[in-house]
Amino acid sequence: MARVLVTQGEAKQTLGIVRGLGKKGHETGVISMGRHSIHGFAVASFSKYCKRHHKVTTYTNEEQFISELITILQKTEYDIVIPVGAPFVGWLTKNRDRIEVYAKIPFPDYDDITFFEDKMKTAELAKRSGVPVPQTIYPSGTDHVNQIAATLNYPLVIKANKEVGGNIVDYAADPDELVKKYSATVEKYQLQNDPPMLQEYLTGGGTGFFALYKNGVCQQQFMHRRIREFPVSGGASCCAESIADEQLAVYGKKIMESAKWNGVAMVEFKYNSAGIPHLLEVNPKFWGSYDLSEKCGAGFADKLVCSTLNLPFTANEAYKQNLVFSWPFNGDIDHCIRKGGFFKLVWKIWRGKIKTNVTWRDFKPGLTIICNWVTEHLYKWYQKIKSIFK
């Protein structure tokens, strides 16, 4: 089996990747900014499947991070490095020549990665491939939005045109709200040179097509639908269910095959009122809800490693459908507290009707996840109390 190094031990998907690889016999190491840092506990480093933990000093400086990564690879032998999350996928693929002296990077070239960071280019590819996309306007700036606000149909979604390492999304119900929120988004995220786009708000549920490709050929696919997300106004999945949707698979494959893709990717869709999936974006990296696909038997991380290193694996395995997975301390509890259903969630988890990333079989990461949640909320309460007594 392979020796695999995974970045960003603080991310919830890193824990799922490490667990999946470990169960298949791979030897895994994790990179983080320390077992506890400003980013919270590096939960994956506490897993019984994590054999080594490596500390770096920065997540904000590309050259320093790459230099520290190379030092790690010089001291410890690894076959492959899996980058998790922005900006690490971009950094590693951009510096592929320097890193692959020591270990392989199982992702496409940097230009292929950055193509999907541009939502306009992604939408154009979808249209050429016959995949529906929401109606979208690309304003030239705040003044342009002020001029056209009264002529648009509402509600609208305000969304960054490029992936910048965060979920920049807001919603406007009328012209006045659009003008106010659009200007605030541009200022807050400094998007003056690349103004946000305006997109038709689709009323249906969110869903995703997940896949592993090699030379444009699908090696494994998986699909899920969102049940809950956090923030509740529109954020990452905190509870999802595995599904099989033939039309979704057709559209997802059209996008990936048109791009002649290599590696893993998430193709995010949302249904319109007629139940037709429309493309929102493509994320050319491991996704936050990775645990669900692993629990259902899709095993993307193992297949990605085996595919890259030319090790034997079973392609296109069937996966469990209608399995519900919750990330209780990564947003689901907070969602249910705000929208209702907290005790129902606890009861279903207790009865085993809903699976979670907190498990007694690998209990240490679960404890650190809970500690992260408690620490985060104590800090928020402290800030509120502090503001009251100012």
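One can find the structure itself at the top, above this paragraph.
**So, helix α12 (residues 332-339)**
Residues of α12 that are buried: Asp332, Ile333, Asp334, His335 and Cys336. On its buried face, α12 sits against β12 (217-230), β13 (236-243), β16 (324-326), α13 (342-350) and α14 (363-388). A positive backbone phi angle near 95° is found at Gly340, which sits one or two residues after α12.

**Structural notes on the packing of helix α6 (residues 119-129) against helix α9 (residues 246-258)**
Two elements in contact, α6 and α9, have axes separated by 9 Å at closest approach and are oriented at 110°. Here α6 lies roughly perpendicular to α9, going by the angle between them. Relative to α9, the crossing made by α6 is right-handed. Taken together, the residues of α9 that come into contact with α6 (itself represented by Leu125, Ala126 and Ser129) are Lys254, Ile255 and Ser258. Residue composition of the contact of α6 with α9, grouped by class: three nonpolar, two polar and one charged.

**Here's the deal with the nonpolar core**
Phe65, Leu92, Phe107, Met256, Leu279, Phe286 and Phe300 are the most contacted members of the largest nonpolar core, which has 84 residues in total. Judged by nonpolar contacts, the second largest core, of eleven residues, contains Val145, Ala149, Leu152 and Leu156.

**Description of the side chain of Ser289**
Inspection of the secondary structure puts Ser289 in the loop between β15 (277-283) and α10 (290-295). Using a relative accessible area of 5% as the deciding quantity, one classes Ser289 as buried. Apart from the residues within four sequence positions on either side, Ser289 is in contact with Phe210, His224, Ser237 and Trp327.

**Quick word on the pattern of salt bridges**
Scanning the entire structure with this criterion turns up 18 salt bridges. Here Asp79 and Arg3 are joined by a salt bridge, their closest N and O atoms 3.2 Å apart. Here Asp79 is found in the loop between α2 (62-75) and β6 (80-82), whereas its partner Arg3 is found in strand β1 (residues 3-6), with 76 residues between them in sequence. The partner of Lys94 in a salt bridge is Glu62, with the nearest N and O atoms 3.2 Å apart. Within this pair, whereas Lys94 is found in helix α3 (residues 88-94), its partner Glu62 is found in helix α2, the two being separated by 32 residues in sequence. Assessed through its relative accessible area of 42%, Lys94 is described here as partly exposed. Residues joined in a network through salt bridges with shared partners are Arg3, Glu77 and Asp79.

**Structural notes on the pairing of strand β10 (residues 197-200)**
The pairing of strand β7 (residues 136-137) with β10 spans two bridges and is classified as antiparallel. For Ile137, the partnering residue across the bridge sits in β10 and is Leu198. Relative to β10, strand β8 (residues 156-159) runs antiparallel, the two being bridged by four bridges. Within β10, the position partnered with Val157 by the bridge is Gln199.

The rules behind the values
- Residues numbered from 1 in each chain as written.
- Predicted model: local features only at pLDDT ≥ 70, side-chain atom pairs only at ≥ 80, totals over all residues.
- Heavy atoms only, no water.
- Buried < 20%, exposed > 50% of the residue type's maximum accessible area, 1.4 Å probe, protein only.
- Helix = DSSP H or I, 4+ residues; strand = E, 2+ residues; numbered from the N terminus.
- Contact = heavy atoms within 4.5 Å.
- Axes fitted to C-alpha atoms, helices over the stretch in contact; angles between N-to-C directions.
- Parallel < 35°, antiparallel > 145°, perpendicular 65-115°, else oblique.
- Left-handed = near helix turned anticlockwise from the far one by under 90°.
- Nonpolar A, V, L, I, M, F, W, Y, C, P; charged D, E, K, R; others polar.
- Core = buried A, V, L, I, M, F, W, Y, C linked by side-chain atoms within 4.5 Å.
- Salt bridge = Lys/Arg side-chain N within 4 Å of Asp/Glu carboxyl O.
- Pairing = 2+ DSSP bridges.

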